[in-house]
Amino acid sequence: MGWNSWNSFANIVNSQIVQQQAKAMASNGMKEAGYEYVVIDEGWWLGERDSAGNIVVNPKQWPAIQPGQKDGDMANIASYIHSLGLKAGIYTDAGRDGCSMYPDSGPKLFNAGSEGHYDQDFLQFSKWGFDYVKVDWCGGAKERRSGAIQYAQIAHAIQNAEKTTGRKLFFSICEWGSQNPWYWGPGVGDVESTIWRTGGDIIPPIVESLHDPEHDKRVITARNLLDSFDTGMHPEAQHTGYFNDLDMMVMGMRGMTEALDRTHMGLWAISSAPLMIGSDLTRLSPSTLSLLTNREALAIHHDPFGLQPIKVDETTPGVQIWVKPMAIAGRRAIGILNRTDTSAQIRIDWEKLGLKGAPRSLRDVWNGRDVDVTHAAVSVPAHDLVLMLADGEDKLAAEYSANNDSFAGIQATGGPTFARLEYANRSSHVVVTRVKSTSGLFTAVALPPTTGSDTGTIGLILPRGTADLSFEGRPVTVSRLKVQAW
Ligand code: GLA
């Protein structure tokens, strides 16, 4: 969770802007709500290096902030961000060139990528004090590289940097879903937690202060938002610590209505997608801010299973019920999404939530009110989303015991199915295990350490038609799989 400079400042980003945004985040309630990263995107570096290959930045863009600091040192801004109790993020490209060879504004620049300098650059980011790095793909795409290979090399450079500095550098992969990163992103290079972008940008940046005709005509539409959500649904790849990234948020930006803000927050929350807001934080309206910091929506977002939602119903075209299975038995977050231009009335069919009958309790998250389940007709305005939390009783699950770290004869032949996996990981670190299913693909699952003789449980969404599931040998054992009747 945090802020990213691109959507609202594009390549005009500089120290002053970042300081203002960090200050806003530290004082407007976002920091208390859990937003922590302040990420500097493209535009911070113009592609220059010294004779030893070290990155050189413009001293006017990144001057000293405190006495004793040198102009042109990125450690200045990282330490300013830290002084507010926040974490600092930076950006580069996996290729030789970065995206600044296709500038949104300003001159065309080359060599603003890290290829050929992976170890040097990621160590430098970490030494400057950065805690997060987003790695883009413009240069990688131009050179027709393999994302799985380049990002694995970068993961190792990050791990080496972490060993040297002792500072965690969170890895954010941004190759826009072009090479199906949901297959190789989880656990790439054995990174213990990561996010990968699933699609292109929701919109090109809208820099209000530029006042150029191109930026002035840009407006966000419902379609922009929904496209990002739709292309980002790869639920079988997402679980504890590994997340599909639906892109930086655009709440409160030009074109966003209150309804669209709710839809945006609701969809990103039930998807447990990274909440990196790209708006100008000094200009957020009270209603946008209150949605961004809504504690009940954030609790849904932080559910320990971290799963994406499953679409369970669409009785009228464009009016859909999306359900996020949650770690607590019988708990579901429900997003009732109205994609149409007119308001809709919808009745929730409890059977479709994988529950036995109606839930015990139902909560309307936006209004912070309990709802009488017997009157569960919900009205949803055009392009809006009603977010609910239901607690009930799970329908009986089918249980499978593992044989040699495999489960056979699974009955999950319908749509995507929610399952709980019991396992033991007696090592002291998260273990990433590759999973194969007879239904085709599968991905990687992160298994955090378990203590003593306890078993751990994670949530999985099995792809349609899963019949057999095997976990590739690492020092973990899987014991039971409970497949939820849905
Ligand atoms: C790509 C990324 C964006 C942003 C820009 C910077 O388009 O997807 O998130 O980083 O590059 O140019």
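Scroll up to find the structure.
Attention here is on the structure that accompanies the text. As the structure is a computational prediction, the values presented were derived from the model and not from experiment.

1. A word on the sheet that holds strand E2 (residues 37-39)
Sheet strands pair by backbone hydrogen bonding; their relative direction is either parallel or antiparallel. Strand order in the open sheet formed by 8 strands is E9-E8-E7-E6-E5-E2-E1-E10, with parallel pairing between adjacent strands. Pairing within the sheet leaves two strands with one partner each, and these edge strands are strand E9 (242-245) and strand E10 (276-277). Alignment of strand E1 (residues 2-4) against E2, held across 3 bridges, turns out to be parallel. Bridged to Trp3 within E2 is Val38. Where helix H4 (residues 75-83) meets the sheet, it contacts E2 and strand E5 (87-93), and its direction lies at approximately 145 degrees from that of E5. Of the strands in this sheet, strand E6 (132-136) and strand E7 (170-173) are in contact with helix H7 (residues 147-165), which crosses E7 at around 165 degrees.

2. Quick look at the site of the ligand
Taken together, Trp6, Asp41, Glu42, Tyr91, Cys99, Lys134, Asp136, Cys174, Trp176, Arg197, Asp201 and Met248 form the complete shell of residues around the ligand. Here an oxygen atom of the ligand sits 2.6 Å away from a polar atom, N or O, in the side chain of Asp41. The side chain of Arg197 places a nitrogen or oxygen atom 3.0 Å from an oxygen atom of the ligand. Computed on the free molecule, the ligand has an accessible area of 300 Å², of which 91% lies beneath the protein chains in the complex.

3. Some points on the sheet that holds strand E21 (residues 417-424)
Judged by pairing direction, the sheet is antiparallel, and its 4 strands sit side by side in the order E19-E26-E21-E24 without closing on themselves. The open sheet terminates on both sides in strands that have one partner only, identified here as strand E19 (397-401) and strand E24 (456-462). Taking each pair of neighbouring strands and ignoring which way they run, the sheet shows an average axis angle of 25 degrees. The sheet contact formed by E19 and strand E26 (residues 477-484) spans 5 bridges and is antiparallel. Pairing of Ala397 across the sheet is with Gln484, part of E26.

4. Some words on the nonpolar core
Tyr35, Trp44, Met74, Phe122, Phe130, Tyr151 and Phe171 are the most contacted members of the largest nonpolar core, which has 101 residues in total. Core analysis: the second largest hydrophobic core is formed by 26 residues, Phe305, Ile336, Leu362 and Ile461 among them.

5. Let's talk about the pattern of salt bridges
Going through the model one piece at a time under the given rule, you end up with 33 salt bridges. Across the salt bridge formed by Glu214 and Arg218, the nearest N and O atoms sit 3.3 Å from each other. In this structure Arg218 comes out as buried when scored by relative accessible area, which is 11%. Across the salt bridge formed by Asp230 and Arg339, the nearest N and O atoms sit 2.7 Å from each other. Highlighted residues: Asp230 in helix H10 (residues 222-231) and Arg339 in the loop between strand E13 (331-338) and strand E14 (344-347), separated in sequence by 109 residues.

Thresholds applied
Residues numbered from 1 in each chain as written. Predicted model: local features only at pLDDT ≥ 70, side-chain atom pairs only at ≥ 80, totals over all residues. Heavy atoms only, no water. Pairing = 2+ DSSP bridges. Helix = DSSP H or I, 4+ residues; strand = E, 2+ residues; numbered from the N terminus. Contact = heavy atoms within 4.5 Å. Axes fitted to C-alpha atoms, helices over the stretch in contact; angles between N-to-C directions. Near = heavy atom within 4 Å. Polar contact = N/O pair within 3.5 Å; in protein donor to acceptor, adjacent residues only side chain to side chain. Areas by Shrake-Rupley, 256 points an atom, 1.4 Å probe, with all protein chains shown as cover. Core = buried A, V, L, I, M, F, W, Y, C linked by side-chain atoms within 4.5 Å. Buried < 20%, exposed > 50% of the residue type's maximum accessible area, 1.4 Å probe, protein only. Salt bridge = Lys/Arg side-chain N within 4 Å of Asp/Glu carboxyl O.

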